[in-house]
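The lines below spell out each chain.
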Amino acid sequence: MRSLPGGTVTLHDARREQHRTVRLEAFEIGVFAVTEEQFAEVLGIPASRPRHPARDLSWLRAIRFCNAASEWEGLDPAYTFDGEEATWHVDSDGYRLPTEAEWEFACRAGSTGPQYGPIPEIAWTGADGGSEPHDIGLKLPNLHGLFDTLGNVWEWCWDLLDPERYDDYRVFRGGGFADDSWSVRASVRRGGAPRMHHDDVGMRLARGGFDGVDSAQGWSAQADVERGGRGGPHPIGWTRRG
């Protein structure tokens, strides 16, 4: 894990043509994506490629892994569950997924362009011709010392993608090994349903507890509701997914 200082990051919602600036408190984030080896150790499952990023993970499996990793190390789990409805206890010191604002702040490492360096040097993309992810840490890190925040595998975040349009879809960021450079940018947002899993989506751990209730690091439960999620209003013509 790498400790990052507080700071600000500006997020862009292309569909709504909105920008918002988020002020972050200090937090920790993984230097690497979670690997198959780490999954194997915590969950007792086989790892055929230990240094590959763990992938094909649903959002629900990712946050349950966060809790398992917390319990493994004697930390308070960050999440509780009511069926498949998850609640983030923002004051917990346990492992969790980064918020979207934390992820982008960590990825950019002070850069303002679409990538934090020449893409062939920092990210595994479709231009490399691979049919699966590569071992972690083989490309150059960003200025925070984080590897593969762009390319290799997309990474789940805590936040809802766009509840007004996509119901309970959650955000993933960063681009993957099969994507062209247009998708492998610090600002690109994609997402999927909590049970969805693809072979190019993995995760990166974060940590950090904060004062307050249902609001931290650019995310708030109230904002989710106001944007049409978790019982909030939906636009005319909106159809529930599934």
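Residues numbered from 1 in each chain as written. Predicted model: local features only at pLDDT ≥ 70, side-chain atom pairs only at ≥ 80, totals over all residues. Heavy atoms only, no water.

Caption draft 1: Local environment of the overall build of the protein chain. The number of helices and strands found in the protein chain is 6 helices and 13 strands. Computed over its C-alpha atoms, the radius of gyration of the protein chain comes to 17 Å, within 12% of the 18 Å expected for a compact globule of 242 residues. Taking the principal axes of its C-alpha atoms as reference, the protein chain extends roughly 45 × 40 × 40 Å. In the protein chain, 65% of the contacts between residues at least 6 apart in sequence involve partners at least 24 apart. (Helix = DSSP H or I, 4+ residues; strand = E, 2+ residues; numbered from the N terminus. Rg over C-alpha atoms; globule rule 2.2 N^0.38 Å. Contact = heavy atoms within 4.5 Å.)

Caption draft 2: A look at the pairing of strand S5 (residues 79–82). With 4 bridges joining them, S5 and strand S6 (residues 85–88) adopt antiparallel strand pairing. Bridged to Thr 80 within S6 is Thr 87. Joining the antiparallel neighbours S5 and S6 is a turn of 2 residues, in which Gly 83 adopts a positive phi near 65°. (Pairing = 2+ DSSP bridges.)

Caption draft 3: Seen up close, helix H3 (residues 100–108). Among the 9 residues that make up H3, 9 are buried, leaving the element largely enclosed by the rest of the structure. Here H3 has its buried residues at Glu 100, Ala 101, Glu 102, Trp 103, Glu 104, Phe 105, Ala 106, Cys 107 and Arg 108. Of the residues trailing H3, Ala 109 is marked for its positive phi of about 50°. (Buried < 20%, exposed > 50% of the residue type's maximum accessible area, 1.4 Å probe, protein only.)

Caption draft 4: Layout of the environment of Trp 219. For Trp 219, the location among the structural elements is in strand S13 (residues 219–220). Residue Trp 219 is classed as buried on the basis of its relative accessible area of 5%. Looking at Trp 219, its side chain comes within polar contact range of the side chain of Asp 224, at 2.8 Å. (Polar contact = N/O pair within 3.5 Å; in protein donor to acceptor, adjacent residues only side chain to side chain.)

Caption draft 5: Representation of the pattern of salt bridges in the model. One pass over the structure, following the stated rule, counts 10 salt bridges. For the salt bridge of Arg 189 with Glu 100, the shortest nitrogen-to-oxygen distance reads 2.5 Å. Taken as a pair, Arg 189 in strand S9 (residues 189–192) and Glu 100 in helix H3 lie far apart in primary sequence, 89 residues in all. According to the relative accessible area criterion, Arg 189 is partly exposed, its value standing at 23%. Within this structure, Glu 100, Glu 104, Arg 108, Arg 173 and Arg 189 form a network of salt bridges that share partners. (Salt bridge = Lys/Arg side-chain N within 4 Å of Asp/Glu carboxyl O.)

Caption draft 6: Local environment of the environment of Arg 165. Inspection of the secondary structure puts Arg 165 in helix H5 (residues 163–166). Each C-alpha atom of the pair Arg 165 and Arg 227 lies 9.3 Å from the other, and the pair is 62 residues apart in sequence.

Caption draft 7: Representation of helix H1 (residues 36–43) within the structure. Restricting attention to buried positions, one finds in H1 the residues Glu 36, Phe 39, Ala 40 and Val 42. Residues of H1 that are buried make contact with helix H2 (59–72). Phi for Gly 44, located one or two positions after H1, is positive at around 70°.

Caption draft 8: Quick peek at the nonpolar core. Formed by 47 residues in total, the largest nonpolar core has its most connected members in Trp 59, Phe 65, Tyr 79, Trp 88, Leu 97, Trp 156 and Met 203. Secondary structure elements with two or more residues in this core: strand S2 (7–13), strand S3 (18–24), strand S4 (27–29), H1, H2, S6, H3 and strand S7 (154–160). Per element, the largest residue contribution to this core is 8 residues, and it comes from H2. When residues no more than four places from it in sequence are discounted, the contact partners of Trp 88 are Ala 78, Tyr 79, Arg 96, Thr 99, Trp 158, Phe 210, Asp 214, Ala 216 and Trp 219. (Core = buried A, V, L, I, M, F, W, Y, C linked by side-chain atoms within 4.5 Å.)

Caption draft 9: Structural context of the sheet that holds S4. Taken in spatial order, the 3 strands of this open sheet run S1-S4-S11, and their pairing is antiparallel. Only two strands of the sheet have a single neighbouring strand rather than two, namely strand S1 (2–4) and strand S11 (206–207). Taken together, the 2 bridges between S4 and S11 define a ladder with antiparallel strand orientation. Paired with Ile 29 across the strands is Ala 206, a residue of S11. The sheet strands contacting H3 are S1, S4 and S11, and the helix crosses S4 at an angle near 70°. (Axes fitted to C-alpha atoms, helices over the stretch in contact; angles between N-to-C directions.)

Just geometry here; none of it tells us what the structure is for.
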